[in-house]
Amino acid sequence: MEKFTKLKAIVAPMDRPNVDTDAIIPKQFLKSIKRSGFGPNLFDEWRYLDHGEPGMDNSQRPLNKEFVLNQDRYQGAQILLARENFGCGSSREHAPWALLDYGFRVVIAPSFADIFFSNSFKNGILLIKLDTQVIEQLFSDVAANQGYELSVDLENQTITKADGSVIKFDVDEFRKHRLLNGLDDIGLTLQHVDDIKAYEQRRSVEAPWLFN
Amino acid sequence: MAGKTLYEKIWDQHVVRDNGDGTALLYIDRQLVHEVTSPQAFEGLRLADRKLWRVDANLATPDHNVPTTDRSKGIEDPISRLQVETLDQNCSDFGITEFKMDDIRQGIVHVIGPEQGATLPGMTVVCGDSHTSTHGAFGALAHGIGTSEVEHVMATQCLVQAKSKTMLVSVDGEVNAGITAKDIVLAIIGEIGTAGGTGYAIEFGGDAIRALSMEGRMTVCNMAIEAGARAGMVAVDQKTIDFVKGRPYSPKDEQWQQAVKAWNELHSDSDAQFDTSVNIDAATIKPQVTWGTSPEMVVGVDNKVPDPDNETDDVKREGMIAALNYMGLTANTPMNEIEVDKVFIGSCTNSRIEDIRAAAEVAKGRKVASNIKLAMVVPGSGLIKQQAEQEGLDKILTEAGFEWREPGCSMCLAMNADRLEPGERCASTSNRNFEGRQGQGGRTHLVSPAMAAAAAIKGHFVDVTTL
């Protein structure tokens, strides 16, 4: 996993609640057996005017000019500003893979769905929950300023606006630690092989039917 | 000291170590594997030269991409075919038991786990699929995970988890005749919202839940994720134990006795404290139909399409307007005047024998309406299909004009050839009415199997209890 420390980048607004993982990456792209290459199909049904299928040359497809990520002012955005319950629905990790492949490293929203939340951090994407009023202000700021940027600092848990004002954010300590250091969860868990074996030893006596 | 909730009991029994940072290493008893969310996990194991920690804890089947028509021709779409072949190869390489596409035991992962006794009370069950919450119906702690976690469980048999908060949803009293588990859970989601359970494990209780069959409890727990909760669960009782008994993976003989004794403890203590609780009066629940693009956008069939003008919250109102626009609906239209084009009875929510019986009961001696382009019934597994055929349900359904298909996820998410065309409206027993879920531009209304069958017969939504 690529570590995350600081990022200063353009913010793109996704102004609708309950954006689900089917919208983030439609099902036909889940047929891939790879982890990469999902970026061109991020938000596929909103982003293009035709029906997308795996294997198409996406550079030749008709774009929905109205869609936020197709607008000139949001090109190069790496921070996504979103609404309530972002990432709800399916557990597909293809959703964070698509966001990451497109270039997003931070998503800011009032709330996120649980499985998406966990999946994103495991892929080096920082999700930041902020109060609805703060989010509302950010949406206004983004709308009012072409090329609007924010600076995110994970170590200090701050978002700094262009005018120098600072928004503090919370992040779980264990998620912060893993993200700052780009740690591999499996490697960490395998440091506790003896604990796992001891548990199995004990449990197979208590509940032998679980070990048939 | 206060007693423990069911969630806390199972959690405590599975803690391998406390990581001291708000997380614990939690032992996983069972992992179910399918073709869509596993290939990258197997690839990760290979790249790191890791093996499966416990091969026998895994059980696999292809379900999302499989055709529901003639299987002898294989899978036409080469990309789908490669994904299923990749699962076959991975299971073969790593030694995992797999019910392949031509095996009568093949089916939707969340149907075959319980059917095989591979899901047992008190277990921790995971799968790279959000509807893993289904297995909580057995008094198990079951939830969906992403592919990184699938790989983590394969390699370590554990997950790094932070404890959830606990919510009790109590459905009190009795439901009226004809009200099903699907109506109960849609009513719950309508009440608490699609994010109402975020951060919680929900325990479903109350007389109306206790009165449900195991199939019904699976339907309710299946949609816990649609209320935002990764895990839904129901306490163990005699129905649970009767269902589990004698299945291929269930314990036998002495171990059975020992297991039943342990399972009888799998309920929340009477003095257990939940972080929050919600009460719903079962008698008020009507047959439910969703009208929008989120499962919380739901009303009784005797109701009308809601009017965004009555919504005071700006974000919600905008969401309603967008949903009505996508769904091609006008505010204040009576739900029972909405005509449908297709009917889908199936999915991990409603494809079990009880669901097929309910559909057949409505279809018996009737005909699918002329405006219906397709009405299909997709059993959850090969064994359910066989049982339904033994009961003559397939005949009743096909005589009425329904198509009787091979088992799989099918048009719940349309990864195979079964899908809606743009603008088509569907009465569906599945779990998600998101934009494009059943096919780009498709319009999904979530209902129970009986309500879906009734919509097929009438050509529009109708209160099945008045049919």
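Residues numbered from 1 in each chain as written. Chains lettered and ligands numbered in written order. Predicted model: local features only at pLDDT ≥ 70, side-chain atom pairs only at ≥ 80, totals over all residues. Heavy atoms only, no water.

1. Side note on the packing of aromatic side chains
Just so we agree on the cut-off: The pairing test for Phe, Tyr and Trp rings, Trp by its six-membered ring, is centres within 6.5 Å, and the orientation test on the planes gives stacked under 30 degrees, edge-to-face over 60, and tilted for anything in between. Here the term buried applies to any residue with accessible area under 20% of the maximum for its type, exposed to any over 50%, and partly exposed to those in between, with areas from a 1.4 Å probe on protein chains only. Placement of a charge over a ring requires the Lys NZ or Arg CZ to be within 6 Å of the ring centre, with the centre-to-atom vector within 35 degrees of the ring normal.
Evaluation of the coordinates by the stated rule reveals 16 aromatic pairs over all chains. Ring plane angle 10° and centroid distance 5.8 Å describe the contact between A:F43 and A:W46, whose orientation is recorded as stacked. Each of the two residues, A:F43 as well as A:W46, counts as buried. Ring pairing ties together the aromatic residues A:F86, A:F112, A:F116, A:F117 and A:F121, which thus form one cluster. One residue, A:K129, lies across the ring of A:F117, its end atom 4.8 Å from the ring centre. Note that B:R247 overlies the ring of B:F243, its terminal NZ or CZ placed 4.0 Å from the centroid.

2. Let's talk about helix α11 (residues 314-327) of chain B
Residue and element names in this part refer to chain B. Cut-off, in case you're wondering: Secondary structure follows DSSP: runs of H or I at least 4 residues long count as helices, runs of E at least 2 residues long count as strands, and numbering of each begins at the N terminus. A helix is expected to span 1.5 Å for every residue after the first. Here, the arc refers to the directions that run from the helix axis to the C-beta atoms. Throughout, a residue-residue contact means that at least one pair of heavy atoms, one from each residue, lies within 4.5 Å. Here a polar contact is recorded for every N or O atom pair within 3.5 Å, except that within protein the pair must consist of a potential hydrogen donor and a potential acceptor, and residues adjacent in sequence are included only if both atoms are side-chain atoms.
Its 14 residues place the ends of α11 20 Å apart at the C-alpha level, agreeing with the 20 Å of an ideal helix rising 1.5 Å per residue. Among all positions in α11, only V315, G319, M320, A323, L324, Y326 and M327 are buried. What you see down the axis of α11 is that its buried residues fit within an arc of 165°, all on one side. The exposed residues of α11 that point more than 90 degrees off its buried face are D314, E318 and N325. Along its buried surface, α11 packs onto β18 (425-428) and β19 (443-446). The residue sitting at the N-terminus of α11 and contributing the capping side-chain oxygen is D313; that oxygen lies 3.0 Å from the backbone nitrogen of V315. Downstream of α11 by a residue or two, G328 has a phi angle that is positive, lying close to 65°.

3. So, the nonpolar core
Where a protein is soluble and globular, its nonpolar side chains tend to be buried together. Note the threshold: Among buried residues, the Ala, Val, Leu, Ile, Met, Phe, Trp, Tyr and Cys ones that are joined through side-chain atoms within 4.5 Å form a nonpolar core.
One finds A:M14, A:F43, A:F86, A:L99, A:I108, A:L126 and B:F402 to be the most contacted residues of the largest nonpolar core, which totals 115 residues. For this core, the element with the most residues is helix α15 (residues 449-458) of chain B, which contributes 8 residues. Of all hydrophobic cores here, the second largest spans 69 residues; its members include A:W209, B:L186, B:I280 and B:I285.

4. A closer look at the environment of A:S140
With respect to the helices and strands, A:S140 occurs in helix α5 (residues 132-144). Each C-alpha atom, one on A:S140 and one on A:P13, is 9.8 Å from the other, the two residues being 127 residues apart in sequence.

5. Observations concerning the side chain of A:T158
Residues and elements named next belong to chain A. Tracing the backbone shows T158 in strand β6 (residues 158-160). Looking at T158, the relative accessible area reads 13%, which means it is buried. Beyond its immediate chain neighbours, meaning those up to four positions away, T158 contacts S151, V152, D153, V166, I167, K168 and F169.

6. Some remarks on the interface of chain A and chain B
We count it as follows: By buried area we mean how much accessible surface two parts lose on assembly, using a 1.4 Å probe and totalling the loss over both. Salt bridges, as used here, are contacts in which a Lys or Arg side-chain nitrogen is within 4 Å of a carboxyl oxygen on Asp or Glu. Gly is put with the polar residues, along with every residue not named as nonpolar or charged; the nonpolar set is Ala, Val, Leu, Ile, Met, Phe, Trp, Tyr, Cys and Pro, and the charged set is Asp, Glu, Lys and Arg.
Facing the 61 residues of chain A at the interface are 72 residues of chain B. Of the roughly 5,500 Å² buried between chain A and chain B on both sides combined, carbon and sulfur atoms contribute 55%. Taken as a group, A:K31, A:I33 and A:W209 account for 15% of the area that chain A buries against chain B, more than any other trio of residues on that side. At the boundary of chain A with chain B, the tally comes to 8 salt bridges. One salt bridge in this structure joins A:D195 and B:R17, with 3.1 Å as the shortest N-O distance. The interface formed by chain A and chain B contains 32 residue pairs in polar contact (both at pLDDT 80 or more). Those elements that place two or more of their residues in the side of chain A that touches chain B are α2 (44-47), α3 (94-102), α4 (114-121), α6 (173-181), α7 (185-189) and α8 (193-206) of chain A. Looking at the side of chain A that touches chain B, the element that brings in the most residues is α8(A), giving 10 residues. Looking at side-chain class alone, the side of chain A that touches chain B contains 20 nonpolar, 16 polar and 25 charged residues.

7. Notes on unusual backbone geometry
Residues and elements named next belong to chain A. Even without a glycine there, the phi angle at N18 is positive, about 55°. Tracing the sequence through the fold places N18 in the loop between β1 (6-13) and α1 (21-24). The phi torsion at Q157 lies on the positive side, around 55°, for a residue other than glycine.

8. Considering the sheet that holds strand β7 (residues 141-144) of chain B
All names here are of chain B. The test is simple: Criterion used throughout: strands pair if DSSP finds at least two bridges between them. Axis lines are fitted to C-alpha atoms, over the contacting stretch for helices. Their N-to-C directions set the angle, which ranges from 0 to 180 degrees.
The 5 strands are arranged β5-β4-β3-β6-β7 in an open sheet whose pairing can be described as parallel. The open sheet terminates on both sides in strands that have one partner only, identified here as β5 (97-98) and β7. Pairing of strand β3 (residues 30-33) with strand β4 (residues 58-60) involves 3 bridges; the strand directions are parallel. Bridging across to β4, L32 finds its partner in L59. Where helix α5 (residues 147-156) meets the sheet, its contacts fall on β3, β4 and β6 (124-127), and the angle it forms with β3 comes to roughly 130°.

9. Quick notes on the environment of A:V68
Residues and elements named next belong to chain A. By the element assignment, V68 lies in the loop between α2 and β2 (79-81). Sequence separation between V68 and W46 is 22 residues, and the spatial gap between their C-alpha atoms is 9.2 Å. In contact with V68, not counting residues within four places along its chain, are P13, M14 and Y74.

10. A look at the packing of helix α12 (residues 353-363) of chain B against α15(B)
Residues and elements named next belong to chain B. To keep things clear, this is the line we draw: With respect to orientation, any angle under 35 degrees is reported as roughly parallel, any angle over 145 as roughly antiparallel, any angle of 65 to 115 as roughly perpendicular, and every other angle as oblique. When the near helix sits turned anticlockwise from the far one by under a right angle, the crossing is termed left-handed; a clockwise turn instead gives a right-handed crossing.
The interhelical angle for the contact between α12 and α15, taken along N-to-C directions, is 30°, at an axis separation of 8 Å. Considering their axes alone, α12 and α15 lie roughly parallel with respect to each other. Considering the relative orientation of α12 and α15, their crossing is right-handed. Counting all contacts with α12, which are made through D355, A358, A359, V362 and A363, the residues of α15 involved are P449, A450, A453, A454 and I457. Tallied by class, the residues present in the contact of α12 with α15 amount to 9 nonpolar, no polar and 1 charged.

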